[in-house]
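An overview of the molecular structure
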Protein chains: 2
Amino acid sequence: MVRKALLGQLSDLDIRLLRVFRAVVECGGMAAAELELNIGRSTISRHVKDLETRLGLTLCHRGRGGFALTAEGQAVYDATLRLVAALDGFRSDVDDLHRRLTGTLVLALFDKTVSNPASHLHDALGAFHDAAPDAAIEMHVHGINTIERGVLDNQFQVGIIPAHRPSSALDYLPLFGEHMDLYVAPGHPLFATGESDNDDEAIRRHAYAGLGYHSPNMEKSHAMRLRRQATAYDQEAVAILVRSGRYLGYLPDHYARAFVERGQMRRIDNPRFQYDVEFAAIVRHAPKPSRMVQTFLDSLVKAHPQAVMPG
Amino acid sequence: MVRKALLGQLSDLDIRLLRVFRAVVECGGMAAAELELNIGRSTISRHVKDLETRLGLTLCHRGRGGFALTAEGQAVYDATLRLVAALDGFRSDVDDLHRRLTGTLVLALFDKTVSNPASHLHDALGAFHDAAPDAAIEMHVHGINTIERGVLDNQFQVGIIPAHRPSSALDYLPLFGEHMDLYVAPGHPLFATGESDNDDEAIRRHAYAGLGYHSPNMEKSHAMRLRRQATAYDQEAVAILVRSGRYLGYLPDHYARAFVERGQMRRIDNPRFQYDVEFAAIVRHAPKPSRMVQTFLDSLVKAHPQAVMPG
DNA sequence: TGCTAAGTTTCATATTTATGAAACATTTGA
DNA sequence: TCAAATGTTTCATAAATATGAAACTTAGCA
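All values reported here derive from a predicted model rather than from experimental measurement.

A separate point is the protein's contact with DNA strand C. Lining the immediate environment of DNA strand C, one finds 22 residues, of which Arg 46 and Arg 64 of chain A together with Ala 31, Ser 45 and Arg 64 of chain B sit closest. If you look at DNA strand C and keep only atoms within 4 Å of the protein, 59% of those are sugar or phosphate atoms. With respect to DNA strand C, the side chain of Arg 46 of chain B contributes an N or O atom lying 2.9 Å from a base oxygen. Elements with a minimum of two residues in the surface near DNA strand C: helix H4 (41-55) of chain A together with helix H3 (30-37) and helix H4 (41-55) of chain B. Split by residue class, the surface near DNA strand C holds four nonpolar, nine polar and nine charged.

Here you go:
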């Protein structure tokens, strides 16, 4: 039976075709997929056609009239996502093997910490290098959720994030603090004068730009009932939104200082609207960190003597 | 970085190498894997070598001295099993799509039912064909566990098995009965005379050949405290064991009749040791069967009017 | 010590796959 | 109605992959 013979060939060679198909679906057509895949439309067309032949299914209707998945195409697309996830899982497993073998420290940290005077991360890395000169270091910058997920998934061995809602699957190591204040920029009604800084209701009246994921930023803005009208997923984006003169927003003092010195931002001097963040290193609770990772954690602690060890 | 470039290529082409590697591991070396893979040892050697190069890992030690996985090799082997399972899952999904699309009835049944006069399965299939002439039929014969698992996994749409321990994930449709008796063959001490058939202890004194998986056979033999000294996984194997003249064993009367008529077996005439089995069609509880499958189930019911519908 | 078994490496060949160019088909929108 | 956009098919070429044969290496066993 021809179908079975063709299906028998599936999986060793057709994954590339499946990846092409997935790109076509996600781009909504072959023309757009050309940019994504960086191969010609005729090649893409042939790959999708070949995949249809191999699977014995019509996956989509496409042409000048537009692109639409068939019901079978949708099912194959869904199955492809699961398969690609498994492939990524395999790759991740092998990556992890390598890290364990080659002694690579994989670190993910939150953005905009380099300018924080309380952060001695650079000292910790220096000490770690002295302790383990042969170890390689891989450093990533991501948002809080990505870092947490990545630590849990073994993509990162250590994460450094502003501590917020804790998870029992993670261990936290407090490191340094960060002071957060509300800022405004020229063009904002509150910029010109400081008289209303102490007027809580006046502050609440204005549009606020805040982070769109769970974080100390979100917690505080909810607590202070600030009216979020712009959502950002990066502090750089918050800074840009503040700079627009239409929003107030929280920024770390050390980060905002450069803007203040240039007259590009002004701090809202109201102690009720300020908050402090504690940055912590996170590792998976189980399995316990390797010796190399523990060496780095020790370096972190030594570099931040003021931090309070948790109970 | 070379490693990343190579790893980037992983998964579209290397799966065949991973399959080869898996076969080598499971065969305990390349020589034995030749038979399994049906390719030459030099090709196998090169594939494993290529895989090691691509992954940047030494997977095994092999040669005249023997075969042994490294720790990394074991991890890659484990990861490969997960990957292959995902590939099989994909294929299974596509297969299921096909069945839904082409109107294929996929049926799995227990062996040795064709000779049972109470079974009107052939009539049901005829009626089904009349009702759905374009539907294709795929028929499998397996043991009870395989059928149950296959129905749950969507490999089979309908299973027909002797009902035993029920599962809430399955719906049961009683169809027909089967009478089971103990049999012995020439050469067995109980074959020559029937006087001791009614002597329960005499029967228990003899070695018994029974099925090695949960089934009415296992339930009854446990209840009657028969001493199982040979384990089979198919009734044909039980028949062979009985024919050896060393064991008594349960067989369906309709199946054993041919042997009895040839003087090759004798029934143990003891009502306490007899039992009846009820065959039932099983389908997954959810999702509900398709119209085509329901059509077949209706045909089954019409073909077995004596069966009792469950409460 | 020498033979055998298991595995490695190189060479040559065949097959498969990928790709862009060019020409064509269909549908939509101006 | 015609041009443009999207996709299809064929051709020619290049690259990648798979394979067995042959020669070689290493280790174990008689």
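Residue and element names in this part refer to chain A. Axis separation between helix H6 (residues 121-131) and helix H12 (residues 291-303) bottoms out at 8 Å; the angle between their running directions is 135 degrees. In terms of their interaxial angle, H6 and H12 are classed as oblique. At the point where H6 passes H12, the crossing takes the right-handed sense. Every residue of H12 that contacts H6 at Leu 121, Asp 123, Ala 124, Leu 125, Ala 127, Phe 128 and Ala 131 is listed here: Met 292, Thr 295, Phe 296, Ser 299, Leu 300 and Ala 303. Within the contact of H6 with H12, the residues separate by chemical class into 10 nonpolar, two polar and one charged.

Residue and element names in this part refer to chain A. Judged by how many residues are buried, strand S11 (residues 275-284) sits mostly within the fold: seven of 10 residues are covered. Sheet topology places strand S5 (residues 158-162) next to S11; four bridges connect them, and they run antiparallel. When the bridges of S11 are listed, Gly 159 appears paired with Ile 282. Where strand S6 (residues 170-184) and S11 come together, 10 bridges link them in antiparallel fashion. Note that in S11 the partner of Pro 174 across the bridge is Ala 280.

The next subject is the packing of aromatic side chains. Enumeration over the complete set of coordinates arrives at 12 aromatic pairs over all chains. Geometrically, the ring pair formed by Phe 110 of chain A and Phe 279 of chain A is tilted, given 6.3 Å between the ring centres and 50 degrees between the ring planes. Of the two residues, Phe 110 of chain A sits in the loop between strand S3 (104-109) and H6 while Phe 279 of chain A sits in strand S11, which places them 169 residues apart along the sequence. With respect to class, Phe 110 of chain A is no different from Phe 279 of chain A; both count as buried. Pairing Phe 176 of chain B with Phe 279 of chain B gives two aromatic rings, centres 4.9 Å apart and planes at 15 degrees, and the pair type is stacked. With Phe 176 of chain B in strand S6 (residues 170-184) and Phe 279 of chain B in strand S11 (residues 275-284), this residue pair connects regions lying 103 residues apart in the sequence. When sorted by exposure, Phe 176 of chain B lands in the same class as Phe 279 of chain B, which is buried.

All right, on to empty space enclosed by the protein then. Throughout the structure, instances matching the rule amount to two cavities of 30 Å³ or more. Size it by volume and the largest cavity reaches roughly 70 Å³. Broken down by secondary-structure element, the contributors of at least two residues to the lining of the largest cavity are S6, helix H9 (216-223) and S11 of chain B. The leading source of residues in the lining of the largest cavity is S11 of chain B, at three residues. Taken together, the residues of the lining of the largest cavity break down into nine nonpolar, three polar and one charged. Residue-level mapping places the lining of the largest cavity at the junction of two domains, with at least three residues from each of domain 2 (97-170 + 284-303) and domain 3 (177-277) of chain B. For the second largest cavity, the calculated volume is near 60 Å³. Forming the walls of the second largest cavity are Phe 110, Ile 144, Pro 162, Glu 178, Met 180, Leu 211, Ser 215, Pro 216, Asn 217, Gln 235, Tyr 275 and Val 277 of chain A.

Glancing now at the packing of helix H3 (residues 30-37) of chain A against H4 of chain A. All names here are of chain A. Where H3 meets H4, the closest approach of the two axes is 9 Å, and the angle between their N-to-C directions is 105 degrees. Classified by the angle between their axes, H3 and H4 sit roughly perpendicular to one another. Contacts from Met 30, Ala 31, Ala 33, Glu 34 and Leu 37 of H3 reach H4 at Arg 41, Ile 44, Ser 45 and Val 48. Class assignment for the residues of the contact of H3 with H4 results in six nonpolar, one polar and two charged.

This part is about unusual backbone geometry. All names here are of chain B. Phi is positive for Asn 38, which is not a glycine, with a value near 60 degrees. For Asn 38, the position within the fold is in the loop between H3 and H4. A positive phi angle is found at Arg 225, which is not glycine, with a value near 55 degrees.

Next up on the list: the confidence of the model for chain A. All names here are of chain A. Of the residues in chain A, 94% have a pLDDT of 70 or more, and the chain-wide mean is 84. Here helix H1 (residues 2-9) stands out as the element of chain A with the lowest mean pLDDT, 33, in contrast to strand S10 (residues 266-267), whose mean of 93 is the highest. Ignoring residues within four places in sequence, the model shows residues 1-9, a span with pLDDT below 50, making 14 contacts including any to other chains.

As a measure of interface size, the accessible area lost when the parts come together is often cited. Each assigned domain of chain A is listed with its residue range as follows: domain 1 (2-95) and domain 2 (103-311). Using only C-alpha atoms to locate each centre, domain 1 of chain A and domain 2 of chain A end up separated by 40 Å.

With that out of the way, let us pick up helix H11 (residues 253-261) of chain A. All names here are of chain A. Taken as a whole, H11 has its buried residues at Asp 253, His 254, Tyr 255, Ala 256 and Phe 259. Where H11 is buried, its residues contact S6, helix H10 (235-243), strand S9 (248-252) and S10. Of the residues one or two after H11, Gly 263 is the one with positive phi, at around 70 degrees.

Rules used throughout
Residues numbered from 1 in each chain as written. Chains lettered and ligands numbered in written order. Predicted model: local features only at pLDDT ≥ 70, side-chain atom pairs only at ≥ 80, totals over all residues. Heavy atoms only, no water. Near = heavy atom within 4 Å. Polar contact = N/O pair within 3.5 Å; in protein donor to acceptor, adjacent residues only side chain to side chain. Helix = DSSP H or I, 4+ residues; strand = E, 2+ residues; numbered from the N terminus. Nonpolar A, V, L, I, M, F, W, Y, C, P; charged D, E, K, R; others polar. Axes fitted to C-alpha atoms, helices over the stretch in contact; angles between N-to-C directions. Parallel < 35°, antiparallel > 145°, perpendicular 65-115°, else oblique. Left-handed = near helix turned anticlockwise from the far one by under 90°. Contact = heavy atoms within 4.5 Å. Buried < 20%, exposed > 50% of the residue type's maximum accessible area, 1.4 Å probe, protein only. Pairing = 2+ DSSP bridges. Phe/Tyr/Trp six-rings, centres within 6.5 Å; stacked < 30°, edge-to-face > 60°. 1 Å grid on protein atoms, 1.4 Å probe; cavity = no way out; pocket = protein on both sides within 12 Å on 5 of 7 lines; lining within 4 Å. Points joined across faces, edges and corners; volume = space filled by probe spheres on them. Domains from an automatic or database assignment. pLDDT = per-residue confidence, 0-100.

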